[in-house]
Amino acid sequence: MRVKDHYDSFLGSVYSWILGDFDTAYRKYVDLFATLKLAPHGDEIAVDLGCGPGCQSVPLAELGYDVLAIDFCQALLDELADHSGTLRIKPICDDIRNFPEHIENSVDLIVCMGDTLVHLPDREAVRSVVEAVCDSLKPGGVFVYAIRDYVGHAPTGAARFIPVRANDEQIFTCFLDYRDDVVHVHDVLYRKQEGEWKMSVSDYLKLRLDSTVIDRQLTEQGLDISCKTEADGMITVMATKTL
Ligand SMILES: C[S@@+](CC[C@H](N)C(=O)[O-])C[C@H]1O[C@@H](n2cnc3c(N)ncnc32)[C@H](O)[C@@H]1O
């Protein structure tokens, strides 16, 4: 299934629930952005690519950025609106590949977090989004991306079944089928309806992206990798435009 269809028809309605809850995810990014010392000096613009319900957009707006929050799943943008209050967050429903069309001048910060880059259809699309990111930043501007490590090792057997979240009403499990270049993800949702468990399954592909390839491109395009960490299988990279 196409990634957009997967989010529109299946994952979008339960995404925040599987995150745990919005506040926990939001607090994680408040802490991360403090560690990365992200703070606007005056009026600065941040672009959040694949913003989802706003776990990054909201803390960035609270820091003082004017945030352009881009996602192609309207249900998640509606949730973002619920979390935005009076914060300066502009939601845009579009493909992140079109993000340059939504900015007038170069910007101060671009984030693409929570494993969003791997959702792009192929490596050429990743390359062209990263190229547009580099072109769209001001000198001194910062790019932060975070992707899950699907390259370091490929789980086999029972390790491919990930219990994501469960309560008395719903159970969400993920089955990961590793191929050479992609992971075929099957999301399995059981919902209790009138006392009976009903199962629904939806699938899509994630790219097995090598972060060193992305970092090399960033460096070639004039950015310095200022910080790279890996925690709980998630690789986070911060790069600063020097030119
Ligand atoms: C794994 S979620 C991450 C959401 C959020 N950044 C977070 O960390 O919770 C990926 C998000 O990217 C969006 N997305 C994936 N591919 C996209 C694309 N090509 N254009 C726009 N949004 C996209 C999905 O709708 C989803 O909200």
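## Topic: the overall build of the protein chain
Move 1: For the protein chain, the helix and strand inventory stands at seven helices and 11 strands.
Move 2: In terms of principal-axis extent, the alpha carbons of the protein chain reach across some 60 × 45 × 30 Å.
Move 3: Looking at the protein chain residue by residue over its 243 residues, the buried ones come to 49%.
Move 4: Across the protein chain, the fraction of contacts at a sequence separation of at least 24, relative to all contacts at a separation of at least 6, is 61%.
Move 5: Here the protein chain has roughly 11900 Å² of accessible surface; of this, 51% comes from carbon and sulfur atoms.
Move 6: Across the protein chain, the 23 positively charged side chains and the 40 negatively charged ones have centroids separated by 3 Å.

## Notes on a negative patch on the surface
Move 1: Together, Asp122, Glu124, Glu131 and Asp135 line one region of the surface with negative charge.
Move 2: A residue is classified by how much of its surface remains accessible, and glutamate 124, at 54% relative accessible area, is exposed.

## Quick notes on the nonpolar core
Move 1: Judged by nonpolar contacts, the single largest core of 53 residues is most densely connected at Leu49 and Leu117.
Move 2: Sort the elements by how many residues they give to this core and helix α6 (residues 123-136) lands first, with seven residues.
Move 3: Each of domain 1 (3-149 + 210-241) and domain 2 (157-206) gives at least three residues to this core.
Move 4: Excluding anything up to four places from it in sequence, leucine 117 contacts Cys112, Val126, Val129, Tyr145, Ile147, Leu207, Leu209 and Ile214.

## Quick notes on the environment of aspartate 8
Move 1: Position of aspartate 8 relative to the elements: it lies in helix α1 (residues 3-11).
Move 2: Distance from aspartate 8 to leucine 76, taken between C-alpha atoms, is 9.0 Å for residues 68 residues apart in sequence.
Move 3: Excluding anything up to four places from it in sequence, aspartate 8 contacts Phe72, Cys73 and Gln74.

## A word on the domain arrangement of the protein chain
Move 1: Assigned domains within the protein chain: domain 1 (3-149 + 210-241) and domain 2 (157-206).
Move 2: For domain 1 versus domain 2, the separation of C-alpha centres amounts to 25 Å.
Move 3: In this complex, domain 1 contributes 13 residues to the contact, which on the side of domain 2 involves 18 residues.
Move 4: Of the roughly 1400 Å² buried between domain 1 and domain 2 on both sides combined, carbon and sulfur atoms contribute 62%.
Move 5: When the buried surface of domain 1 facing domain 2 is broken down by residue, His6, Phe10 and Trp17 rank first, second and third, together holding 48% of it.
Move 6: Taken together, domain 1 and domain 2 are joined by one salt bridge.
Move 7: In this structure, lysine 206 engages aspartate 115 in a salt bridge whose closest nitrogen and oxygen atoms are separated by 2.9 Å.
Move 8: Where domain 1 touches domain 2, the interface holds six residue pairs in polar contact (both at pLDDT 80 or more).

## Remarks on the sheet that holds strand β10 (residues 223-231)
Move 1: Pairing is mixed across the open sheet formed by seven strands, whose spatial order is β3-β2-β1-β4-β5-β11-β10. What marks the edges here is a single partner per strand, and that holds for β3 (89-93) and β10. Strand-to-strand twist across the sheet, computed as the mean angle between neighbouring axes with direction ignored, equals 15 degrees.
Move 2: Where strand β5 (residues 137-148) lies against strand β11 (residues 234-241), seven bridges are found, and the strand directions are antiparallel. Within the sheet, the bridge partner assigned to tyrosine 145 lies in β11 and is valine 237.
Move 3: On the sheet, helix α5 (residues 74-84) packs against β2 (66-71) and β3 and is oriented at approximately 170 degrees with respect to β3.

Parameters at a glance
- The numbering scheme is per chain: residues are counted from 1 as the chain's sequence reads.
- Selection of residues for local features in this predicted model requires a pLDDT of at least 70, selection of side-chain atom pairs for listing and counting requires 80 or more, and totals for whole chains, interfaces and linings are taken over all residues.
- For the side-chain quantities, the full set of heavy atoms in the structure was used; hydrogens and water were omitted.
- Numbering of helices and strands starts at the N terminus; helices are DSSP runs of H or I of at least 4 residues and strands are runs of E of at least 2.
- Buried means the residue's accessible area, taken with a 1.4 Å probe over protein chains only, is under 20% of the maximum for its type, while exposed means over 50%, and partly exposed covers the values in between.
- By definition, residues are in contact when any of their heavy atoms lie within 4.5 Å.
- Exposure was quantified through the Shrake-Rupley algorithm and a 1.4 Å probe, taking into account, for residues, occlusion by the shown protein chains and nothing else.
- Charge assignment: positive for Lys and Arg, negative for Asp and Glu; neither His nor the chain ends contribute.
- Charge placement uses NZ in Lys and CZ in Arg. For Asp and Glu, CG and CD serve respectively.
- Within the patch definition used here, like charges are joined within 9 Å and nonpolar side chains (Val, Leu, Ile, Met, Phe, Trp, Tyr) within 5 Å, considering only residues with over 30% relative accessible area and no salt bridge.
- Should a side-chain nitrogen of Lys or Arg be within 4 Å of a carboxyl oxygen of Asp or Glu, the pair is scored as a salt bridge.
- Among buried residues, the Ala, Val, Leu, Ile, Met, Phe, Trp, Tyr and Cys ones that are joined through side-chain atoms within 4.5 Å form a nonpolar core.
- Where a domain begins and ends is set by an automatic assignment or by a domain database.
- The buried area of a pairing is the accessible area, by a 1.4 Å probe, that goes missing from both parts when the two are put together, added over both.
- Identification of polar contacts relies on pairs of N or O atoms within 3.5 Å, with a donor-acceptor requirement for protein atoms, meaning one able to donate a hydrogen and the other able to accept it, and with residues adjacent in sequence counted only if both atoms are side-chain atoms.
- When DSSP locates at least two bridges between a pair of strands, those strands are taken to pair.
- Note on geometry: axes are lines fitted to C-alpha atoms, helical ones only across the stretch in contact, with angles between N-to-C directions running from 0 to 180 degrees.

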